[in-house]
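Coordinates in review
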Amino acid sequence: MITAYDLTTPSPSGGTFLGYDQDFCIRQGGLLFTEILSNTVGAVAGIYVDLRDGQGARLVADANTAIPGGAGTFMNFAGVDWDGQTVAFMGRNAGNSGSLYAGSAPANLQVVVAPGTPVPGESANFLGFSNPIAYEGGILVFSGYW
């Protein structure tokens, strides 16, 4: 057994990793993992990928990442998946409102669906989303409600 990350591993967000959540995903030889948010259950502090190319963990999003198409930075994350290239996740703002995002680094994150997005085939807009989500080859599956 080889330890890839532990509590002494430097984090791209600064310092060392606090701990790891249950979100792990291996795709195309790489690893997606999430860092826990201190004193919470079900919300994570950061999302990272390691492409196993010797560069170590790369930040996808954390509490210092600006919310694309929104205001402020992410408060936390819930529900995450990865197809080996692009990460899809639910990110929450300071008001705890969640939207679904996709990208591989803070600079290229995009809003996929948010409260107010029209529900396909309905005359209503999404009010919110529940997790988990699934993402594969550009297709995102999620539970939404209106």
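As a convention, each chain's residues are numbered from 1 in the sequence order in which they are written. Only residues with pLDDT of at least 70 are given local features in this predicted model, and only at 80 or more are side-chain atom pairs given and counted; all residues enter the totals for whole chains, interfaces and linings. Think of the side-chain values as coming from all heavy atoms in the structure, minus any hydrogens and water.

1. Quick notes on the overall build of the protein chain
Elements are defined by DSSP. Helices are runs of H or I of four residues or more, strands are runs of E of two residues or more, and each kind is numbered from the N terminus. Counting its regular elements, the protein chain contains 0 helices and 10 strands. Written out in order from the N terminus, the α and β elements of the protein chain read β-β-β-β-β-β-β-β-β-β. A globule of 146 residues ought to have a C-alpha radius of gyration of about 15 Å, and the protein chain, at 15 Å, matches this closely. If you line up the protein chain on its principal axes, its C-alpha atoms span 50 × 30 × 25 Å. In this scheme, a residue with accessible area under 20% of its type's maximum is buried, one over 50% is exposed, and one in between is partly exposed, where area comes from a 1.4 Å probe on protein chains only. For the protein chain, the proportion of its 146 residues judged to be buried stands at 42%. Residue pairs at least 24 apart in sequence account for 34% of intrachain contacts in the protein chain once pairs closer than 6 positions are excluded. A positive count includes Lys and Arg, and a negative count includes Asp and Glu. His and the chain ends are not counted in either. Throughout, a charge is located at the NZ atom of Lys, the CZ atom of Arg, the CG atom of Asp or the CD atom of Glu. Placing the 4 positive and 11 negative side-chain charges of the protein chain at their respective mean positions leaves the two points 3 Å apart. As a reference, a globule follows 2.2 Å times the number of residues to the power 0.38, and the radius of gyration itself is taken over C-alpha atoms. Residue contacts follow a heavy-atom distance rule, with two residues in contact if any of their heavy atoms lie within 4.5 Å.

2. With respect to the pattern of salt bridges
Should a side-chain nitrogen of Lys or Arg be within 4 Å of a carboxyl oxygen of Asp or Glu, the pair is scored as a salt bridge. Tallied over the full model, the rule gives 4 salt bridges. One salt bridge in this structure joins Arg-27 and Asp-81, with 3.6 Å as the shortest N-O distance. Here the residue Arg-27 occupies a position in strand 1 (residues 20–27), and Asp-81 occupies one in strand 5 (residues 76–82), the gap between them amounting to 54 residues. In this structure Arg-27 comes out as partly exposed when scored by relative accessible area, which is 26%. When salt bridges that share partners are traced, they join Arg-27, Asp-81 and Glu-136 into one network.

3. Topic: the environment of Tyr-101
With respect to the helices and strands, Tyr-101 occurs in strand 7 (residues 98–103). Between the C-alpha atoms of Tyr-101 and Leu-140, which are 39 residues apart in sequence, the distance is 10.0 Å. Setting aside chain neighbours within four positions, we find Tyr-101 in contact with Ile-67, Pro-68, Phe-74, Val-87, Ala-88, Phe-89, Gly-91, Gln-110, Val-111 and Val-112.

4. Points about the packing of aromatic side chains
In this scheme Phe, Tyr and Trp rings, the latter by its six-membered ring, pair at centre separations within 6.5 Å, and the angle between planes marks the pair as stacked below 30 degrees, edge-to-face above 60, and tilted otherwise. The full count for this structure, using the stated rule, is 16 aromatic pairs. Ring geometry for Phe-17 versus Tyr-48: centroids 5.0 Å apart, planes at 90°, classification edge-to-face. With Phe-17 in the segment before strand 1 and Tyr-48 in strand 3 (residues 44–50), this pair connects stretches of sequence that are 31 residues apart.

5. Examining the pairing of strand 10 (residues 139–145)
At least two bridges found by DSSP between two strands is the condition for calling them paired. Across 6 bridges, strand 9 (residues 128–136) lies against strand 10 in antiparallel orientation. Within the sheet, the bridge partner assigned to Tyr-135 lies in strand 10 and is Leu-140. Two successive antiparallel strands, strand 9 and strand 10, enclose a turn made up of 2 residues, where Gly-137 displays a positive phi of approximately 55°.

6. Things to note about a nonpolar patch on the surface
A cluster of nonpolar side chains, contributed by Leu-127, Tyr-145 and Trp-146, occupies part of the molecular surface with about 380 Å² of accessible area. Among the structural elements, Trp-146 can be located in the segment after strand 10. What makes a patch is a set of residues exposed beyond 30% relative accessible area and free of salt bridges, joined within 9 Å when like-charged and within 5 Å when nonpolar (Val, Leu, Ile, Met, Phe, Trp, Tyr). A 1.4 Å probe and the Shrake-Rupley method give the accessible areas. Residues count as covered only by the protein chains that appear here.

7. Looking at the confidence of the model for the protein chain
A residue's pLDDT is the predictor's confidence in that residue, given on a scale from 0 to 100. Averaged over the protein chain, the pLDDT score is 86; the fraction of residues at 70 or greater is 93%. Element-level pLDDT for the protein chain is lowest in strand 9, with a mean of 79, against a maximum mean of 94 in strand 4 (residues 57–62).

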